[in-house]
Amino acid sequence: MVGEKRFGMGPVPASPEHYLNETQVNGMTILRKFGWKLVCVRRASVTEITTVFRNSHDNMVGVLGEDGILRISNDLKVRSTPI
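Residues numbered from 1 in each chain as written. Predicted model: local features only at pLDDT ≥ 70, side-chain atom pairs only at ≥ 80, totals over all residues. Heavy atoms only, no water.

> Run through unusual backbone geometry, naming residues and quoting values.
Its identity as a non-glycine residue notwithstanding, Asn-59 has a phi of 60 degrees, on the positive side. You can see Asn-59 is positioned in the loop between β2 (49-55) and β3 (61-64). (Helix = DSSP H or I, 4+ residues; strand = E, 2+ residues; numbered from the N terminus.)

The structure is reproduced here in structure tokens:
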């Protein structure tokens, strides 16, 4: 089992916009209108941030690029949160 590395931080910060540039915020707004949900903002460092979305219709997963474009990836593995 992999240990938790967030130290009390959840997978989605209270204000994800704080970690994104303006183009990504605009992209996120559009994606949400089409059923995409923000599942995590990986904060490896201050400059290395990965924003991951999942489509609620078919569970496809993608990474939001610096340019605000979502790139679908079949290689991403997202942990499910225990309820």
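> Tell me about the sheet that holds strand β1 (residues 36-43), residues and numbers included.
Strand order in the open sheet made by the 4 strands is β1-β2-β3-β4, with antiparallel pairing throughout. This sheet does not close on itself; its edge strands, each paired only once, are β1 and β4 (70-72). Averaged over all neighbouring strand pairs, the angle between strand axes comes to 30 degrees, with direction disregarded. The pairing of β2 with β3 spans 4 bridges and is antiparallel. (Pairing = 2+ DSSP bridges. Axes fitted to C-alpha atoms, helices over the stretch in contact; angles between N-to-C directions.)

> Quick rundown of the pattern of salt bridges? Include the residues and the values.
All chains considered together, the criterion is met by 2 salt bridges. In this structure, Glu-48 and Arg-42 form a salt bridge, with 4.0 Å as the shortest nitrogen-oxygen distance. Overall, the relative accessible area of 45% leaves Glu-48 in the partly exposed class. For the salt bridge of Arg-71 with Asp-67, the shortest nitrogen-to-oxygen distance reads 2.7 Å. What makes Arg-71 partly exposed here is its relative accessible area of 42%. (Salt bridge = Lys/Arg side-chain N within 4 Å of Asp/Glu carboxyl O. Buried < 20%, exposed > 50% of the residue type's maximum accessible area, 1.4 Å probe, protein only.)

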